[in-house]
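Close look at the chain arrangement
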Amino acid sequence: MANKKTREIMVPPSGGVLRDFMMRIKLILRLMGDRRVNLFLKLLPLASVAYLIWPVDLAPGMVLPVIGAVDDAAILWLGSYLFVELCPPDVVKEHMKQLTSNLDVVEGGDEVVDAEATDLPDNK
């Protein structure tokens, strides 16, 4: 059991749901514009978005009311997840590093600067 490999998730969760969602959208848009990502792989998120627009539904809402409402979201999630996971790992890490560079906490940021405040008189 000590030799068991654990698979590393490409984009680990790093905040709230909305923050993670926006980070995923930005990452997908960056990867779509990157020339190092295979053109056929770029069809995956496009096909999942096209499924929303397509008038034919795999699970119609009238026949399967609960599944019919969830299948669109599931296809979008699956398309975006597979796209990011199938992209070259070094390219994904590079874009994630650029996206999260402004979110990193500065080392040694717990230093306190001691100062005095002075009120200036109004010159009217």
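Residues numbered from 1 in each chain as written. Predicted model: local features only at pLDDT ≥ 70, side-chain atom pairs only at ≥ 80, totals over all residues. Heavy atoms only, no water.

Examining the pattern of salt bridges
The condition that has to hold: The term salt bridge refers to a side-chain nitrogen of Lys or Arg lying within 4 Å of a carboxyl oxygen of Asp or Glu. Only protein chains enter the accessibility calculation, which uses a 1.4 Å probe. A residue is then buried if its area is under 20% of the maximum for its type, exposed if over 50%, and partly exposed in between.
All told, the structure shown has two salt bridges when counted by the stated rule. The residue Arg36 makes a salt bridge to Asp34 at a minimum N-O spacing of 2.9 Å. Residue Arg36 is classed as partly exposed on the basis of its relative accessible area of 44%. Here the salt bridges do not stand alone but share partners, grouping Asp34, Arg36 and Glu94 into one network.

With respect to the packing of helix α1 (residues 17-33) against helix α4 (residues 89-100)
Threshold: Fitting a line to C-alpha atoms yields each axis, with helices limited to the stretch in contact; the angle taken between N-to-C directions then spans 0 to 180 degrees. Runs of H or I in DSSP of at least four residues are treated as helices and runs of E of at least two as strands, each being numbered from the N terminus. Angle categories: roughly parallel below 35 degrees, roughly antiparallel above 145, roughly perpendicular from 65 to 115, and oblique for all the rest. Should the near helix be turned counterclockwise from the far one by less than a right angle, the crossing is left-handed, whereas a clockwise turn marks it as right-handed. Contacts are assigned to residue pairs that have any heavy atoms within 4.5 Å of one another. Just so you know the grouping, Ala, Val, Leu, Ile, Met, Phe, Trp, Tyr, Cys and Pro go in nonpolar, Asp, Glu, Lys and Arg go in charged, and all remaining residues, Gly too, go in polar.
Axis separation between α1 and α4 bottoms out at 10 Å; the angle between their running directions is 130°. It follows from the interaxial angle that α1 and α4 lie oblique. At the point where α1 passes α4, the crossing takes the right-handed sense. Facing Met23, Lys26, Leu27, Arg30 and Leu31 of α1, the residues of α4 in contact are Val91, Val92, His95, Met96, Gln98, Leu99 and Thr100. Grouping the amino acids of the contact of α1 with α4 by side-chain chemistry returns seven nonpolar, three polar and two charged.

Thoughts on the packing of aromatic side chains
The line we're drawing: Centres within 6.5 Å make a pair out of two Phe, Tyr or Trp rings, where for Trp the six-membered ring is used; the pair is then stacked when the planes are under 30 degrees apart, edge-to-face when over 60, and tilted otherwise.
Under the defined criterion, the tally for this structure stands at one aromatic pair. Aromatic pair Trp77 and Tyr81: ring centres 5.3 Å apart, planes at 15°, arrangement stacked. Taken together, the residues span about one helical turn, with Trp77 and Tyr81 both in helix α3 (residues 65-86) at a distance of four residues.

Considering the nonpolar core
Within soluble globular proteins, side chains that are nonpolar tend to cluster in buried spots. This is how the line gets drawn: Definition used in this section: a nonpolar core is a set of buried Ala, Val, Leu, Ile, Met, Phe, Trp, Tyr and Cys residues joined via side-chain atoms within 4.5 Å.
Judged by nonpolar contacts, the single largest core of 13 residues is most densely connected at Leu27, Leu31, Val37, Phe83, Val84, Cys87 and Val92. If you list the elements that add at least two residues to this core, you get α1, α3 and α4. Dropping the residues within four chain positions of it, Cys87 is found in contact with Leu31, Val37, Leu41 and Val92.

Some thoughts on a nonpolar patch on the surface
Note the threshold: Nonpolar side chains (Val, Leu, Ile, Met, Phe, Trp, Tyr) within 5 Å and like charges within 9 Å form the patches, drawn only from residues with over 30% relative accessible area and no salt bridge. Here the accessible surface of atoms and residues is derived via Shrake-Rupley with a 1.4 Å probe, and residues count as covered only by protein chains that are part of the display.
Where nonpolar side chains cluster on the molecular surface, the patch consists of Leu18, Phe21, Met22, Ile25 and Leu29 and spans about 510 Å² of accessible area. Relative to the assigned elements, Leu29 resides in helix α1. On the basis of relative accessible area, Leu29 is assigned to the exposed category, the value being 58%.

Focus: the environment of His95
Positionally, His95 belongs in helix α4. Distance in space between the C-alpha atoms of His95 and Ile28 is 9.6 Å, their sequence separation being 67 residues. Excluding residues that lie within four positions of it along the chain, His95 makes contacts with Leu27, Arg30, Leu31, Asp34 and Arg36.

Describing α4
Rules: Multiplying one less than the number of residues by 1.5 Å gives the expected span of a helix. Of all possible arcs, the one meant is that of the directions from the helix axis to the C-beta atoms.
Along its twelve residues, α4 runs 16 Å from first to last C-alpha, staying within 8% of the 16 Å computed at 1.5 Å per residue. Among the residues of α4, those classed as buried are Val91, Val92, His95, Met96 and Leu99. The buried residues of α4 occupy an angular sector of 130° when the element is viewed end-on, so they sit on one face. Turned more than 90 degrees away from the buried face of α4 sit Asp90 and Lys97, all of them exposed.

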